Every structure is written in structure tokens, then in C-alpha cells.
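# Chains, contacts and geometry: an overview
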Amino acid sequence: IYLYTADDYTKGRDRLVPITGNFSIPGKNVSFVTIDNQTYANTTGGVLDSDNAKRNLLFYDLFGFLWTMGFINAIGFTLIAFCGVFWYYSSLEDEEKHIPAGSICKATMWCFVYHLGTLAFGSLLVAIVQMIRFLVKYFAEQCEVIKHSDVLKCIIYLAECCLACFERIIKIISKNAYIMMCITSDNFFFSARDAFNIILDNVVTLSILSFIVEFVMLLGKVLIIIGCLMLSYVMMDDNTLAPNVTTRIFPLIVIGLIVYFICCVFFNVYSTTVDTIFICYHHDLKVNAAKDNYYVPKELVEQIDGYSAKLDAQKRAIEAEKSAKSTEPMPSKGSKAEQAP
């Protein structure tokens, strides 16, 4: 905002420079002015056109803002993803799955010590695409030829649509790469490759899951906002809780907006956790298929062909072994055979 509101100086301006002693500038037409026994050289300083410099600074500042916000969002997303990974791979026994103590501190340390470059690079890719979208739109608004040509307008709209689609694809790949990075600790390219293969192999499942998650999030936001607005409306009827309230419309609008933004923050945690468990589940199936021993929680055991029956057979075998040991005859402690050397 400070750069945007800066003035443009394109004209020359007079400037008084104090001098002492004999002062002369060869080849320059400079007049001298004496004010209060002090001699000044009256020079005209030409200032270059600052439009281009200010525009470039605005572009630089905008790109830095986009990259910084993307970097902060990547860190927050990765911290939540780390907690989901800790929970999923906490134990082979699904009954004992839990998030380890101090998981947020551990995730923060791993994120800043080992994966900061990966997060910076992923957010850089997103910021570059966003900056290209802005430049295309800026060029379309500044170019007079495009404004008077329907064909060029159509081309610009198609380019903006393709860039918006490409930006969404980069965001999806980056987020899933961060999740895979939390699992394997690989760099961005290897993590993005593995995550892309998982998405490609399970695109139908991911589409259905995304639809269900979006529906649940939308339903949750609507119910929470309606509940908070109804509670606020009831509280405003009480003069002791809300004295001197003459209108309810504006306060309810403000409360609704605040509740909406808070819901978005909390439901983003839910969405990130769902994506993390999805990647962990399919990576678990892919890596541990040869061992036939998975970290999968009990809620997803039925999705693995034959694995649930195998677990039931193993449990029955363990129970049968325990019952057999419990029914074995115990030797008498006072028998002569036991006392013999």
C-alpha cells in the first residue's frame, strides 16, 4: 500500500546547496543565492521517471507476499500432516494407535530442521503460477488492443482458465508431496512423484472421498453458523446480556462472518487429516504388501482383500494356544520325581 500510494516525480525541481569559499562548476550554468549571510548554489535536479521502478517494486512485493503466504500455509499443512502420520504409523496393533506425546513439537523440529527447503520450493512453484496469472490479467487490462477485440479477449479468458486449472493441480500435487515427505523424508520431486502415482492409481476413490469431505464440511459450516446465529439472537433479547442493542442485523452479520472464518480454520484441519490418512493408507498397502503386515487401523481392515480373515485366523490361533496352555496338567510340587536330583 505504501508503494502503491507513492508519488511520481517526473519533472525537475530546484534545489539549494550550501557552499563555502570559492565554488564553481565548470560548464554548468549555476546561479548563487545568499540567504542570511550563507551562499547557496541554486541547481535544478532532474529526476528520472519513477513509474517503471515503482511498478517493478510492486511486482516484486506482490511476488514476495504470495511466496511468503504460501510458505506459511505449507508449514501449517505439514505440521498437521505430521500428526496424522504419527497416528497412522504409531503401532501395528490398531487398538494401540495414538498420537505420541509432544507430536507438535516433534513435527515442528523435523519441519524446520529437515524439510524447510522442500516447503519453500513447493510454495515457490505455486507463487510463480499465481504471479503469472496476475501478470496475464494485468497485461489484459493495460493493453488497449485487447479491450477492442473479442477474439483476443477470448484468448485471454482461456489462458486465465488454463492457468487457474494449472494452479489447482500444482496445489494438489504440492500438498500430497508434503504428506509423502512426512512419510518417506524424500525431497520434493521424489515425494511428488510417489504421491502422483498414488493419486493416479486411486483417482476414483479420491474423487468420491473429496466429494464426501466437501459435503461434510459444508454441512458442518452451515449447522455451526446457524446455531451460533440463533444463540446470538436469543442472547440479544436479554437486556442484561446485550443492553442498548437497537438493531440485530449488523451484529448478526458480523458474528456470522467471524464464525465462518473460524469454521474454515478448523475444518481445514479435518480436510488435511483426511488427505493424510488417504496417502498413508495407500502407501502402506503398496510398501507392506510383500510382508502382508499393515499398519492399517481397524476401521479400514475390511477394505483389504483377505486380510481381515487372516487377522481373525491369527487371533483364533492365539486364543487357542492360550487356552491349550491353560488346560495343560501341572505337575505336583511335592512329587518324588521332582525332588530327585
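Above this text is the structure in question.
Cut-offs applied
Residues numbered from 1 in each chain as written. Predicted model: local features only at pLDDT ≥ 70, side-chain atom pairs only at ≥ 80, totals over all residues. Heavy atoms only, no water. Salt bridge = Lys/Arg side-chain N within 4 Å of Asp/Glu carboxyl O. Helix = DSSP H or I, 4+ residues; strand = E, 2+ residues; numbered from the N terminus. Buried < 20%, exposed > 50% of the residue type's maximum accessible area, 1.4 Å probe, protein only. Axes fitted to C-alpha atoms, helices over the stretch in contact; angles between N-to-C directions. Parallel < 35°, antiparallel > 145°, perpendicular 65-115°, else oblique. Left-handed = near helix turned anticlockwise from the far one by under 90°. Nonpolar A, V, L, I, M, F, W, Y, C, P; charged D, E, K, R; others polar. Lys, Arg positive; Asp, Glu negative; His and termini not counted. Contact = heavy atoms within 4.5 Å. Core = buried A, V, L, I, M, F, W, Y, C linked by side-chain atoms within 4.5 Å. Phe/Tyr/Trp six-rings, centres within 6.5 Å; stacked < 30°, edge-to-face > 60°. Lys NZ or Arg CZ within 6 Å of the ring centre and 35° of its normal.

### Structural notes on the pattern of salt bridges
In total, this model carries four salt bridges according to the counting rule given. Arginine 133 is the partner of glutamate 167 in a salt bridge, and the nearest nitrogen-oxygen pair spans 2.5 Å. Of this pair, glutamate 167 sits in helix α5 (residues 150-184) while arginine 133 sits in helix α3 (residues 116-142), and the two are 34 residues apart along the sequence. Judged by relative accessible area, which is 8%, glutamate 167 ranks as buried. For arginine 248, the salt bridge identified is with aspartate 237, shortest N-O distance 2.6 Å.

### Some details on the packing of helix α7 (residues 203-236) against helix α8 (residues 249-287)
Where α7 meets α8, the axes come as close as 9 Å, and the angle between the chain directions of the two elements is 150°. As summarised for this structure, α7 and α8 are arranged roughly antiparallel, according to the angle between their axes. In the crossing of α7 with α8, the sense of the turn from one axis to the other is right-handed. Of the residues that constitute the contact of α7 with α8, the class distribution is 22 nonpolar, five polar and one charged.

### Section: the packing of α3 against α5
Between α3 and α5, the least distance of the axes is 10 Å, while the angle of their chain directions is 170°. Our classification of the angle between α3 and α5 gives roughly antiparallel. Broken down by class, the residue content of the contact of α3 with α5 amounts to 14 nonpolar, five polar and five charged.

### A look at the side chain of lysine 221
Locating lysine 221 in the fold gives a position in helix α7. Buried and without a salt bridge, lysine 221 has glutamate 214 as its closest oppositely charged side chain, separated by 6.4 Å. With near-sequence residues (within four places) excluded, lysine 221 lies in contact with Tyr260, Cys263, Cys264 and Phe267.

### Examining the environment of proline 100
With respect to the element layout, proline 100 can be found in the loop between α1 (51-88) and α2 (103-114). The spatial distance from the C-alpha of proline 100 to the C-alpha of serine 90 is 7.6 Å, given a sequence separation of 10 residues.

### Here we look at the nonpolar core
Across soluble globular proteins, nonpolar side chains have a tendency to be buried as a group. The biggest cluster of nonpolar side chains holds 32 residues, and the ones touching the most others in it are Leu119, Tyr178, Ile179, Cys182, Ile183, Ile279 and Val296. For this core, the secondary structure elements donating two or more residues are α1, α2, α5, α6 (188-201) and α8. Tallying contributions element by element places α1 first for this core, with nine residues. For leucine 119, the contacting residues outside a window of four places in its chain are Phe71, Ala74, Ile75, Thr78, Cys111, Tyr178 and Met181. Judged by nonpolar contacts, the second largest core, of seven residues, contains Met217, Cys263, Phe267 and Val274.

### As for the side chain of histidine 282
With respect to the secondary-structure elements, histidine 282 resides in helix α8. Relative accessible area serves as the criterion here: at 13%, histidine 282 is assigned to the buried category. Setting aside residues up to four positions removed in sequence, histidine 282 forms contacts with Ile198 and Asn202.

### Some words on the packing of aromatic side chains
Think of a pair of aromatic rings as described by two things: how far the centres are apart, and how the planes are tilted against each other in angle. The final tally for this structure, using the stated rule, is 15 aromatic pairs. Between phenylalanine 134 and tyrosine 138, the aromatic rings sit 6.3 Å apart at their centres with planes inclined by 20°, giving stacked as the arrangement. With phenylalanine 134 and tyrosine 138 both in helix α3, this residue pair falls four residues apart, about one helical turn. Phenylalanine 134 sits in the partly exposed class, given a relative accessible area of 35%. Here the aromatic cluster, defined as three or more aromatic residues joined through ring pairs, consists of Phe77, Phe121, Tyr178, Phe188 and Phe189. The ring of phenylalanine 86 has lysine 106 lying over it, and the distance from NZ or CZ to the ring centre is 5.2 Å. The ring of tyrosine 233 carries the charged tip of arginine 248 above its face, separated from the ring centre by 5.2 Å.

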